[in-house]
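Residue-level structure breakdown
Next come the chains, spelled out residue by residue.
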Amino acid sequence: PWHQDRWQWLDRDPLLTVYTALDAASPANGCVQVVRASHKRGVINPGHPSGFLTPEQVSDIIKDEDIVDLTLEEGDVALIHN
């Protein structure tokens, strides 16, 4: 499900996620997807400890043209601004 990386046991929301591909990742095998420029919105659902979006938030915010597949090779690293 769509979410922003948050963890309830931290004392603040992370600004950066480091994603290391242990195997090649592509749309064919279910790579991570991100929403272009969504980090500029701040925390969208502060009421959820893991940042999961409600169905209403998904339909209001996520547009197909803004979805980006993070296609990575084994060992590649993606830095994701939360």
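Located above this text is the structure these notes cover.
What comes next concerns the included structure.

About the cut-offs
Residues numbered from 1 in each chain as written. Predicted model: local features only at pLDDT ≥ 70, side-chain atom pairs only at ≥ 80, totals over all residues. Heavy atoms only, no water. Helix = DSSP H or I, 4+ residues; strand = E, 2+ residues; numbered from the N terminus. Buried < 20%, exposed > 50% of the residue type's maximum accessible area, 1.4 Å probe, protein only. Contact = heavy atoms within 4.5 Å. Areas by Shrake-Rupley, 256 points an atom, 1.4 Å probe, with all protein chains shown as cover. Lys, Arg positive; Asp, Glu negative; His and termini not counted. Charge placed at Lys NZ, Arg CZ, Asp CG, Glu CD. Patch = residues over 30% accessible without salt bridge, like charges linked within 9 Å, V, L, I, M, F, W, Y side chains within 5 Å. Salt bridge = Lys/Arg side-chain N within 4 Å of Asp/Glu carboxyl O. Polar contact = N/O pair within 3.5 Å; in protein donor to acceptor, adjacent residues only side chain to side chain.

Tallying secondary structure elements over the chain gives one helix and four strands in all. Traced from its N-terminal end to its C-terminal end, the chain shows the element sequence β-β-α-β-β. Its C-alpha atoms give the chain principal-axis dimensions of roughly 35 × 30 × 20 Å. Counting across all 82 residues of the chain, residues that qualify as buried make up 23%. In the chain, the proportion of contacts linking residues at least 24 apart, taken out of those at least 6 apart, comes to 81%. Summing over all exposed atoms, the chain offers an accessible surface of approximately 5800 Å²; the carbon and sulfur share of this is 54%. Each charge class in the chain was averaged separately, 6 positive and 13 negative side chains, and the resulting centres sit 11 Å apart.

Residue position: Thr-17 is located in strand β1 (residues 16-20). Once residues lying within four places of it in the same chain are set aside, the contact partners of Thr-17 are Asp-5, Trp-7, Ala-78, Leu-79, Ile-80 and Asn-82.

The grouping of Leu-15, Leu-16, Val-18, Val-77 and Leu-79 at the surface amounts to a nonpolar patch, some 520 Å² of accessible area in total. Of all the secondary-structure elements, those providing two or more residues to the nonpolar patch are β1 and β4 (77-81).

What the rule picks out here adds up to one salt bridge. Taking the shortest distance from any N to any O, the salt bridge between Arg-12 and Asp-11 comes out at 3.4 Å.

Okay, the side chain of Gln-57 next. If you trace the backbone, Gln-57 turns up in helix α1 (residues 55-61). In this structure Gln-57 comes out as buried when scored by relative accessible area, which is 17%. At a separation of 3.2 Å, a polar atom in the side chain of Gln-57 contacts the main-chain carbonyl oxygen of Ile-44. When residues no more than four places from it in sequence are discounted, the contact partners of Gln-57 are Ile-44, Asn-45, Phe-52 and Ile-62.

Honestly, it's all geometry; don't read function into it.
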